[in-house]
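Spelled out from the first residue to the last, the chains are:
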Amino acid sequence: MSAAIIKEVKTAFIQKFKKEPLLVFSPGRINIIGEHTDYNGGFVFPAAVDKGIAAAVEKSNTGSCTAIALNLDSTVEFELDKLRPSKEGSWENYVFGVVAEIQNRNKIIGDFNIIFKGNIPGGAGMSSSAALENSVVFGLNELFNLGLTKTEMILISQKAEHNYVGVKCGIMDQYASMFGVKNNALLLDCKTIEAIPFEIDFKDHELMLINTNVKHSLSDSAYNDRRSACESIAELLNIETLREATEEDLEGIIDKVTPENYQKGLYVIQEIERTQKAAKAIKENDLEKLGALIYSSHNGLQHQYKVSCDELDFLVDQAKKNKHVLGARMMGGGFGGCTINLIAKSESKAFADSASKAYKNKFNTPCSVYFVALSEGTHLVK
Ligand code: GLA
């Protein structure tokens, strides 16, 4: 599936720059459970998928750099010593941000050209942005022999997002995209940035994504607001992150926080616990239990953390009405994007059809259904 975009960026590169490029594929991710816990030092449970970004990159000898986003048919030229963030929302900030963060680490890179294309729809909540950042840092590391470890690379990608894109994201997306393992999900401890791979074979059940195809504006500022709310609670508790907190600790400062923030803190503490329970359920092959945890994750995201939206809630409600769906929830930052559904394989087609029809009826716009294969992380394509 991704072979097609790899071929496209290669052909486009040779046509434009008359050179064989280095080819990198960097995947997007799903997340089984553990949402908005990464920047709280908690656990997440993502997996890299077989959709993502293909990038063709090579050195340039023209005295400047060119980056081309094939999907958007958009080209930018830039000089390495004159980098600054472009206007908010521009795709080139992902590229510029990575370059700037590499330079901040006193690593020397030369001019380069890059052409990339993705097959994850933007706004799907599947981290096309982390996939892009990782493809750039991975390609440049290879091209200029920077000697960066994968962990250094994902920290660079994350900083690019903080400083150039303006989203104070956690480490989940970059980690999953870089370190993905075929057929596995990763129980990632975001405090130590270390993960345990779990082979995912749900036998007669599978994971299915339904994209609302909406991304509500202000989602970035809402994201940053959630993060600062969590940080302010942690500060009141005199701890580094909410990972260190218990429900009793939170109870102890109930008069010092607004009821809204109390719920947000509670959600985070509970979601970190749910994620660990989900790992246990997967190990024990207890899919009913896993499904129930996934539903309560959504419940928390909707009512306590308040990062869901009508479209996502509608799709989760559709799932709840179907006994073959063991669990469903919004996935990623929220305010749009996909739901992830744990469903009986024999029923997934029927549910996809009925949920799509109901969605179209309700919102007068289509949703999209995806099945993904869990795949290896960012890599060179030979
Ligand atoms: C976005 C961020 C991640 C994570 C999720 C929510 O995808 O990039 O770091 O916080 O939202 O779990």
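Treat the numbers as computed from the prediction; the structure is a model and nothing was measured.

Enumeration over the complete set of coordinates arrives at 13 salt bridges. Measuring nitrogen to oxygen at the nearest pair gives 2.8 Å for the salt bridge that ties R274 to E271. Within this pair, R274 and its partner E271 are both found in helix α8 (residues 259-283), separated by 3 residues, close to a single helical turn. Both residues of the pair, R274 and E271, count as buried.

This paragraph deals with the domain arrangement of the protein. Domains assigned within the protein are domain 1 (2-199 + 376-380) and domain 2 (205-371). Taking the mean C-alpha position of each, domain 1 and domain 2 sit 25 Å from one another. Contacts between domain 1 and domain 2 engage 32 residues on the former and 43 residues on the latter. Here domain 1 and domain 2 share an interface that buries about 3100 Å² over both sides, 65% of which is from carbon and sulfur atoms. Where domain 1 touches domain 2, the interface holds 3 salt bridges. For the interface between domain 1 and domain 2, the tally reads 21 residue pairs in polar contact (both at pLDDT 80 or more). For the side of domain 1 that touches domain 2, the secondary-structure elements that each account for two or more residues are β1 (22-31), β2 (43-44) and β7 (184-189). Tallying contributions element by element places β1 first for the side of domain 1 that touches domain 2, with 3 residues. Classifying every residue of the side of domain 1 that touches domain 2 by side-chain character gives 14 nonpolar, 12 polar and 6 charged.

Two elements in contact, helix α2 (residues 92-104) and helix α3 (residues 128-143), have axes whose closest approach is 9 Å; the angle formed by their N-to-C orientations is 45°. By the angle class used here, α2 and α3 are oblique. Considering how the two elements wind past one another, α2 and α3 form a crossing that is right-handed. Contact residues: α2 offers Y94, V95, V98, V99 and I102, while α3 offers S129, L132, E133, V136, V137 and L140.

This part is about the environment of L237. Along the chain, the position of L237 falls in helix α6 (residues 219-237). Take L237: its relative accessible area is 17%, and that puts it in the buried class. Note: C-alpha distance between L237 and G252 (15 residues apart in sequence) is 8.9 Å. L237 has contacts with L242, A245, D249 and I253, leaving out every residue within four places of it along the chain.

A few words now on the site of the ligand. Around the ligand, the neighbouring residues are R29, E35, H36, D38, Y39, C169, G170, M172, D173, Y223, G332 and G333. Backbone polar atom of H36 to an oxygen atom of the ligand: 2.6 Å apart, as the coordinates give it. For the ligand, the protein covers 92% of the area, taking 310 Å² as the surface of the free molecule. Here the residues of the shell around the ligand sort into 4 nonpolar, 4 polar and 4 charged. In this structure, the shell around the ligand is formed jointly by two domains, domain 1 (2-199 + 376-380) and domain 2 (205-371), each of which donates at least three residues.

To continue, consider the nonpolar core. Ranked by internal contacts, the top residues of the largest apolar core, which has 108 residues, are I30, F78, F112, M126 and L290. Examining the composition of this core, we find that 10 residues originate from one element, α8, more than from any other. Both domains that furnish three or more residues to this core are identified here as domain 1 (2-199 + 376-380) and domain 2 (205-371). One finds V316, A328, I343 and Y359 within the second-largest nonpolar core, a separate group that totals 16 residues.

Strand order across the open sheet formed by 4 strands is β10-β11-β9-β12, with antiparallel pairing between neighbours. Edge positions in the open sheet fall to β10 (325-330) and β12 (368-370), since each of these has one partner strand only. Neighbouring strand axes in the sheet, compared pairwise and without regard to direction, differ in orientation by 20° on average. Relative to strand β11 (residues 336-344), β10 is paired through 5 bridges, and the arrangement is antiparallel.

Note on strand geometry: in a regular strand, side chains alternate between the two faces of the sheet. In terms of burial, β10 is largely enclosed, as 6 of its 6 residues are buried. The turn joining β10 and β11, which pair antiparallel and follow one another in sequence, is formed by 5 residues; a positive phi near 95° is taken by G332.

Before going further, it helps to examine the packing of aromatic side chains. Scanning the model with the defined rule gives 11 aromatic pairs in all. Consider the rings of F78 and F112, whose centres lie 5.9 Å apart with planes at 70°: the pair is edge-to-face. In this pair, F78 sits in strand β5 (residues 74-78) while F112 sits in strand β6 (residues 112-118), placing the two residues 34 residues apart along the sequence. On the numbers, 4.9 Å between centres and 35° between planes, the contact of Y267 with Y305 is tilted. In this pair, Y267 sits in helix α8 while Y305 sits in the loop between α9 (287-304) and α10 (310-320), placing the two residues 38 residues apart along the sequence. Considered together, Y267 and Y305 belong to a single accessibility category, that of buried residues. An aromatic cluster of at least three residues, connected via ring pairs, comprises F78, F96 and F112. It is K51 that lies over the ring of Y370; its NZ or CZ is 5.2 Å from the centre. The ring of F363 carries K362 above its face, with NZ or CZ at 6.0 Å from the centroid.

What counts and how
Residues numbered from 1 in each chain as written. Predicted model: local features only at pLDDT ≥ 70, side-chain atom pairs only at ≥ 80, totals over all residues. Heavy atoms only, no water. Salt bridge = Lys/Arg side-chain N within 4 Å of Asp/Glu carboxyl O. Helix = DSSP H or I, 4+ residues; strand = E, 2+ residues; numbered from the N terminus. Buried < 20%, exposed > 50% of the residue type's maximum accessible area, 1.4 Å probe, protein only. Domains from an automatic or database assignment. Contact = heavy atoms within 4.5 Å. Buried area = accessible area lost by both parts, 1.4 Å probe. Polar contact = N/O pair within 3.5 Å; in protein donor to acceptor, adjacent residues only side chain to side chain. Nonpolar A, V, L, I, M, F, W, Y, C, P; charged D, E, K, R; others polar. Axes fitted to C-alpha atoms, helices over the stretch in contact; angles between N-to-C directions. Parallel < 35°, antiparallel > 145°, perpendicular 65-115°, else oblique. Left-handed = near helix turned anticlockwise from the far one by under 90°. Near = heavy atom within 4 Å. Areas by Shrake-Rupley, 256 points an atom, 1.4 Å probe, with all protein chains shown as cover. Core = buried A, V, L, I, M, F, W, Y, C linked by side-chain atoms within 4.5 Å. Pairing = 2+ DSSP bridges. Phe/Tyr/Trp six-rings, centres within 6.5 Å; stacked < 30°, edge-to-face > 60°. Lys NZ or Arg CZ within 6 Å of the ring centre and 35° of its normal.

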